[in-house]
Amino acid sequence: MSASFNDQLVAVLPRLRRFARGLTGSAVEADDLVQAACERALARTHQFQAGTRFDSWMFRIVQTVWIDQLRARDTRKTESEDAALNVGSDESVRRVEARMALREVQAAVDTLPAEQRVALLLVTVEGLSYKEAADVAEVPVGTIMSRLARARLALLAKLESGDALRGRSDDAKTE
Amino acid sequence: MQRPSDETLIAYLDGELAGSERLAVVQALAQDDTLRAQAQRLNDSTRLIRAAYDAVLREPVPERLIAVVRAAEAETLIQHVMVRLERWRDLMGERAWWIGAPVAASLAGIVLGAGLGYFVASQQGVTLAAQQAALNGNLTAANWLDNIAGYHKLFINAGPDDRQLMDVPADGNADALRKAGQLPSDFHLPDLKPWGLSFQGARFLVVEGQPATQLFYTTDNQALGPLTVVVASSSKPDLAPTFDRRGDLNLLYWRYHGHEYALVGAADIGYLWNISKDIAWQLDAI
């Protein structure tokens, strides 16, 4: 194992934590996930291909570990589906009626189905291209494109129902 | 003109369209107020979504995560030194090997100890400064400190009687050190006798790809304990004396005119601070 591998890994930790936070919706679970991903990466350093993007490789491992955990627990998926069904319901509208704080945006992201959340976090938050996100998620580019669109539209509806977006737009206009 | 789908509009906003596809969206946007409003709302939501997670980047990375990575490095170090020990055995031959077995055994123990020391340090003593260095992408400083702390432990565990560790013996002169260690031209051996510290010898190292010279000092003063002084080449800008810690070791380091200096020991930081000033004055390195 080269020192540069470890250095790269330490350097990418903040972004891995951000990605994991978006996936799990919990600070503690996110750090547990990143730790598990780091341990897996360190055990498989030989699988990393020099010249390829290290961050994408790590995002893929984080995502894989997360999916493994979901399958093991099979709880998150149920919560997501239930929550997704509630988008636009009275309860969710009331909950976000007030101006949405950023924490509430995270909560809105948490309601997305897992695969949509992955696409959204990789492209919109981490800034990967559709192709790079497709490589990480190991799906075709078209799949990323449609998952992302569904995620973005669902979030837009949710944010607007809470007036957060309109409030911010108005703020921007008055500035 | 056909209105582009939301999927296509989002791909356009994400910069994923090119050529005729992109042109078609641009033209549709120019003619369709509703579509423009939708694009604006999507852009606004993008900013919100990014902002919601950016705070995570500004949080300090938990020590346990850095420890996972650094502990793996320590394991690698141990494996590396064990390979070197094997090589020694091959070079020394069977008879010499048996003579040198206690030395080799002690070294193996030392290295394992140093590795465990790293691990414990990683678990317990990764400092905020190290985290910040990692976040800034400036990892070399943290690695450099890790290494010189490890070499200090190697020396401590070997004990002053283990001369095999020394490249330059206690009676070696500064000329030999200068030539072999790529030290400053005006380098002379720091005299730390006023502190009760006796020079025991020096080793030449390569730390983070840069040559470094490690000077060993011992003392009967338990409060001060053995001390190593490291002088290394550096291409980094000057740095004021900075305190750090690795496990039970205190480190005080600074950079001056292309060289990096460090004091490593279990002594109280106040001792190290005063000794560092003495060394800096003697070496004209401040």
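Residues numbered from 1 in each chain as written. Chains lettered and ligands numbered in written order. Predicted model: local features only at pLDDT ≥ 70, side-chain atom pairs only at ≥ 80, totals over all residues. Heavy atoms only, no water.

Peer 1: I would appreciate a short explanation of the confidence of the model for chain A in the present structure.
Peer 2: Segments scoring low in pLDDT should not have their predicted coordinates read at a detailed level. Residues at a pLDDT of 70 or more form 74% of chain A, whose mean pLDDT is 79. Low pLDDT (under 50) marks residues 76-99 of chain A, which in the prediction has 35 contacts with non-local residues, meaning those over four places away or in another chain. (pLDDT = per-residue confidence, 0-100. Contact = heavy atoms within 4.5 Å.)

Peer 1: Mind showing me how you'd approach the sheet that holds strand E4 (residues 227-233) of chain B here?
Peer 2: Within a sheet, adjacent strands bond to each other through the backbone by hydrogen bonds, running parallel or antiparallel. Residue and element names in this part refer to chain B. Taken in spatial order, the seven strands line up as E1-E2-E3-E4-E7-E6-E5 in an open sheet, and their pairing is antiparallel. Whereas interior strands pair on both sides, the edge strands pair on one side only; in this sheet they are strand E1 (168-169) and strand E5 (239-246). Across two bridges, the pairing between E1 and strand E2 (residues 198-207) is antiparallel. Of the residues in E2, the one forming a bridge with proline 169 is glycine 201. (Pairing = 2+ DSSP bridges. Helix = DSSP H or I, 4+ residues; strand = E, 2+ residues; numbered from the N terminus.)

Peer 1: Can you help me understand the side chain of Arg255(B) in this one?
Peer 2: Residues and elements named next belong to chain B. By the element assignment, arginine 255 lies in strand E6 (residues 249-256). Assessed through its relative accessible area of 11%, arginine 255 is described here as buried. A polar side-chain atom of arginine 255 sits 2.9 Å from the main-chain carbonyl oxygen of proline 237. (Buried < 20%, exposed > 50% of the residue type's maximum accessible area, 1.4 Å probe, protein only. Polar contact = N/O pair within 3.5 Å; in protein donor to acceptor, adjacent residues only side chain to side chain.)

Peer 1: Sorry if this is basic, but what is going on with the packing of helix H2 (residues 19-31) of chain B against helix H3 (residues 33-58) of chain B here?
Peer 2: Angle between the axes and distance between the axes are the two parameters that describe a pair of packed helices. Residue and element names in this part refer to chain B. Where H2 meets H3, the closest approach of the two axes is 5 Å, and the angle between their N-to-C directions is 110°. By the angle between their axes, H2 is roughly perpendicular relative to H3. Listed contacts from H3 to Ala28, Leu29, Ala30 and Gln31 of H2 are Asp33, Leu35, Arg36 and Ala39. (Axes fitted to C-alpha atoms, helices over the stretch in contact; angles between N-to-C directions. Parallel < 35°, antiparallel > 145°, perpendicular 65-115°, else oblique.)

Peer 1: I keep staring at the pattern of salt bridges and nothing clicks. Help me out?
Peer 2: One pass over the full model with this rule turns up 19 salt bridges over all chains. Between Asp55(A) and Arg15(A) there is a salt bridge, with its nearest N and O atoms 2.9 Å apart. Of this pair, Asp55(A) sits in helix H3 (residues 54-73) while Arg15(A) sits in helix H1 (residues 3-24); the two residues are 40 residues apart in sequence, bridging distant segments of the chain. The exposure class assigned to Asp55(A) is buried, which follows from its relative accessible area of 11%. The exposure class assigned to Arg15(A) is partly exposed, which follows from its relative accessible area of 22%. The shortest N-O distance in the salt bridge between Asp248(B) and Lys153(B) comes to 3.3 Å. Residue Asp248(B) is found in the loop between E5 and E6, and its partner Lys153(B) is found in helix H6 (residues 140-158); the two are separated by 95 residues along the sequence. Given the relative accessible area of 19%, Lys153(B) is considered buried. (Salt bridge = Lys/Arg side-chain N within 4 Å of Asp/Glu carboxyl O.)

Peer 1: Could you clarify how one ought to interpret the packing of aromatic side chains in this entry?
Peer 2: How two aromatic rings sit relative to each other is set out by the distance from centre to centre and by the angle between their planes. Residues and elements named next belong to chain A. In this structure the tally under the stated criterion is nine aromatic pairs over all chains. Their ring planes at 45° and their centres at 6.0 Å tell us that phenylalanine 54 and tryptophan 57 sit as a pair that is tilted. Separated by three residues within a single helix, phenylalanine 54 and tryptophan 57 lie in helix H3, roughly one turn from each other. You can call phenylalanine 54 buried: its relative accessible area is 6%. Classification of tryptophan 57 as buried rests on a relative accessible area of 10%. Pairwise contacts between aromatic rings join Phe5, Phe48, Phe54 and Trp57 into one cluster. (Phe/Tyr/Trp six-rings, centres within 6.5 Å; stacked < 30°, edge-to-face > 60°.)

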